[in-house]
Amino acid sequence: MFLTDYHTHSLCSPDSSAPLTAMAQAARDAGMDELCLTDHCDLLSADGKLDLSFRWAPIEKQLALTRPVFAGILPIKMGLELGEAWEDPAAAAKLVSRPELDFVIGSVHNRGRASGGIDFYYVNYNSEETCYAALDDYFSCMEALAELDCYDVLGHVIYPLRYMNERDGNHVTLDRYWDRIREIFRRVIAKGKGIEVNTCRGRNIADWRPVLALYRDCGGTLITLGSDAHRPNDVGLGIRAAAELVKEMGFGSIAVYERRQPRLIRL
Ligand SMILES: [Zn+2]
Ligand SMILES: [Zn+2]
């Protein structure tokens with residue numbers, strides 16, 4: 001089975017200190033056939049202020065150092081995890097206009113600026129009411145993101161659940177959001193874009209089952225797999241299980257990207 005990790009971070013992300021060479025070696029050790037570096041570029045700071053300070057130079061430096069070491073061994077794609085693109089669509093479009101860029105994950109990490117713009121990570125989910133208020137906002141932001149052209153796949157659609165349930169002990173579900181997610185998926189598919197299965201460092205695979213069922217029913221075909229690793233030990237975690245789930249759910253392939261063009265690889 002051809003295995004790819006299309007969601008990884010290096011020391012070019014504020015929340016990682018891993019050199020790309022170490023991430024690439026870990027990808028080889030984990031049996032990956034291709035790696036995509038998707039460092040963070042968030043248009044909102046953790047406390048919700050517009051932040052356009054992102055620079056490509058550190059990412060280009062990491063790639064220039066690492067690609068020659070792994071030439072003929074491991075293709076390393078230049079990706080980006082672009083957060084909060086809907087807050088400044090013109091800036092987002094300019095950021096991803098770089099011709100060398102292979103792949104963009106469009107993510108929602110923060111509440112909309114109208115709701116304070118705080119990172120979902122920093123919310124204390126002390127009641128179900130708090131969770132659902134955050135999820136209402138989360139999917140509104142995703143609806144705005146889905147309309148844009150600056151992304152290739154929607155990042156971790158189930159993202160806030162890792163903090164609400166796993167970390168803070170709630171038991172919220174997406175049951176009241178499936179109709180909205182269906183409309184988001186229809187929009188994404190109509191635009192020729194896809195979704196990722198984000199294993200969250202191997203921790204959640206089963207949570208993707210209903211998401212993949214809905215995506216399949218909407219006619220979706222483009223799926224990437226990502227561990228969301230921020231350190232070498234986490235690279236590739238859950239990728240094989242995610243690929244097997246994708247296959248079991250009736251998809252025949254996963255997508256890889258080059259210069260923002262998808263190519264399907266049979267599972
Ligand atoms: Zn993310
Ligand atoms: Zn990430």
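Everything below is about the structure shown above.
Let me sum up the structure you'll find in this document. Quantities reported herein were computed from a predicted structural model and do not represent experimental measurements.

1. A few points about the coordination of the zinc ion (ligand 2)
The zinc ion (ligand 2) binds to the protein through H7 (NE2), H9 (NE2), E81 (OE) and D228 (OD), with metal-donor distances spanning 2.1 to 2.3 Å. Angles of 82 to 169° at the metal separate the four donor atoms of the zinc ion (ligand 2), which places the site in the irregular class. Spacing between the donor residues of the zinc ion (ligand 2) along their common chain follows H-x1-H-x71-E-x146-D. Here the zinc ion (ligand 1) and the zinc ion (ligand 2) are spaced 3.4 Å from one another, each receiving a donor from E81. With H7 in strand β1 (residues 4-8) and E81 in strand β3 (residues 76-83), this pair connects stretches of sequence that are 74 residues apart. A relative accessible area of 0% means that H7 is categorised as buried. By relative accessible area, E81 is classed as buried at 1%.

2. A short note on the packing of aromatic side chains
For the coordinates displayed, the defined rule picks out twelve aromatic pairs. With a centroid separation of 5.3 Å and an interplanar angle of 90°, the aromatic rings of Y159 and Y163 are classed as edge-to-face. The exposure class of Y159 is buried, given its relative accessible area of 6%. Each ring, one from F185 and one from Y215, has its centre 5.4 Å from the other, and the planes form 80°; the classification is edge-to-face. With F185 in helix α6 (residues 178-190) and Y215 in helix α7 (residues 208-217), this residue pair connects regions lying 30 residues apart in the sequence. Across the pair, Y215 and F185 agree in class, each one buried. A network of ring pairs unites the aromatic residues F120, Y132, Y138, F139 and Y177 as a single cluster. Above the face of the Y132 ring, R176 is positioned so that its terminal group lies 3.5 Å from the ring centre.

3. With respect to the sheet that holds β1
Spatially, seven strands are ordered β1-β2-β3-β4-β5-β6-β7 in an open sheet, and the strand pairing comes out parallel. Across the chains shown, the open sheet's two edge strands, defined by having one partner strand only, are β1 and β7 (223-226). Pairing between strand β4 (residues 103-107) and strand β5 (residues 153-154): two bridges, direction parallel. By the bridge assignment, I105 is partnered in β5 with V153.

4. A look at helix α2 (residues 57-66)
Regarding α2, the residues found buried are I59, Q62, L63 and T66. Down the axis of α2, the sector holding all buried residues measures 95°, keeping them to one side. Summarising the geometry of α2, the exposed residues directed more than 90 degrees from the buried face are K61 and A64. Residues of α2 that are buried in the fold lie against α1 (20-29), β2 (34-42) and β3.

Rules used throughout
Residues numbered from 1 in each chain as written. Chains lettered and ligands numbered in written order. Predicted model: local features only at pLDDT ≥ 70, side-chain atom pairs only at ≥ 80, totals over all residues. Heavy atoms only, no water. Donors = N, O, S within 2.8 Å, 3.2 Å for Na, K, Ca; no water. Tetrahedral: all angles 85-135°; square planar, octahedral: opposite > 155°, others 65-115°. Helix = DSSP H or I, 4+ residues; strand = E, 2+ residues; numbered from the N terminus. Buried < 20%, exposed > 50% of the residue type's maximum accessible area, 1.4 Å probe, protein only. Phe/Tyr/Trp six-rings, centres within 6.5 Å; stacked < 30°, edge-to-face > 60°. Lys NZ or Arg CZ within 6 Å of the ring centre and 35° of its normal. Pairing = 2+ DSSP bridges. Arc of directions from axis to C-beta. Contact = heavy atoms within 4.5 Å.

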